[in-house]
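Topology and contacts: notes
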Amino acid sequence: AARSMVRHLQELLEKTSNYDKDERYMATNDLCATLESEVRLDSTMQRKICTAVLRQLDDTSNDVQAMAVKCLSILVKKVEEAQVSDICSKLCNLILTGKEELRDIYSIGLKTALEDMPEMMGFSIAKQLISRLLGGVKNDNEGVKLECLEIMTELVKLYGHNTVAEHSNIT
């Protein structure tokens, strides 16, 4: 059963890169459904899935992007902290330096990850993101500044009580 599950996940991952947006959408939807089941993922499969879902945030189809954000919500509850940290770090980088027209998608993805990850993970990940987001708040680009402020607000709401050491930097 485990071998067939791995095969099934690999097929879905391949379909997430299909030329047809409907195939990509369905593959991501099926990936979400599979992740919601009691499936166990080794670290290699976790990495592959995280990479595929993050790549879909750049998809040309808004529907695929939205499904990828939904998938992130499930993924952060299923994978190891290192993977969640990597997801958040990449999304933060994309907000700071990624495609301007996709910045709102990256931002929604990061907010979703922060809201849905296990609380204990959130504390350490929040500490990692604070200085980078503060750097973004000082950015000359208004769009970057606004997204970083919005995410900082969410981060402080969710994990502020556990990031007291960073409070002097925030003010």
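Source: prediction; values computed, not measured.

Definitions and cut-offs
Residues numbered from 1 in each chain as written. Predicted model: local features only at pLDDT ≥ 70, side-chain atom pairs only at ≥ 80, totals over all residues. Heavy atoms only, no water. Helix = DSSP H or I, 4+ residues; strand = E, 2+ residues; numbered from the N terminus. Rg over C-alpha atoms; globule rule 2.2 N^0.38 Å. Buried < 20%, exposed > 50% of the residue type's maximum accessible area, 1.4 Å probe, protein only. Contact = heavy atoms within 4.5 Å. Areas by Shrake-Rupley, 256 points an atom, 1.4 Å probe, with all protein chains shown as cover. Lys, Arg positive; Asp, Glu negative; His and termini not counted. Charge placed at Lys NZ, Arg CZ, Asp CG, Glu CD. Core = buried A, V, L, I, M, F, W, Y, C linked by side-chain atoms within 4.5 Å. Phe/Tyr/Trp six-rings, centres within 6.5 Å; stacked < 30°, edge-to-face > 60°.

Quick look at the overall build of the protein chain
When its secondary structure is counted, the protein chain shows nine helices and zero strands. Taken from N to C terminus, the helices and strands of the protein chain fall in the order α-α-α-α-α-α-α-α-α. Here the C-alpha radius of gyration of the protein chain, 16 Å, is about what a compact globule of 171 residues would show, namely 16 Å. Here the C-alpha coordinates of the protein chain stretch approximately 50 × 30 × 20 Å along the principal axes. Relative to its 171 residues, the protein chain shows a buried fraction of 45%. The contacts of the protein chain with a sequence gap of at least 6 include a subset with a gap of at least 24, amounting to 69%. With an accessible surface of roughly 8,900 Å², the protein chain has 50% of that area assigned to carbon and sulfur atoms. On the protein chain, the mean spot of the 21 positive side-chain charges and the mean spot of the 27 negative ones are 4 Å from each other.

Topic: the nonpolar core
By size, the foremost hydrophobic cluster in this structure holds 51 residues, and its most contacted members are Leu31, Ile49, Leu57, Leu110, Met117 and Leu129. Listed by contribution, the elements that provide at least two residues to this core are helix H1 (2-15), helix H2 (21-36), helix H3 (43-56), helix H4 (62-78), helix H5 (81-97), helix H6 (103-116), helix H7 (119-137) and helix H8 (142-159). Aside from chain neighbours lying at most four places away, what touches Met117 is Val76, Val84, Cys88, Gly122, Ile125 and Tyr159.

Some words on the packing of aromatic side chains
Within the structure shown, the criterion is met by one aromatic pair. Look at Phe123 and Tyr159: their rings are 5.5 Å apart centre to centre, the planes differ by 85°, and that puts the pair in the edge-to-face class. Taken together, the residues span a long stretch of sequence, with Phe123 in helix H7 and Tyr159 in helix H8 at a distance of 36 residues. Pair check on accessibility: Phe123 and Tyr159 agree, each one buried.

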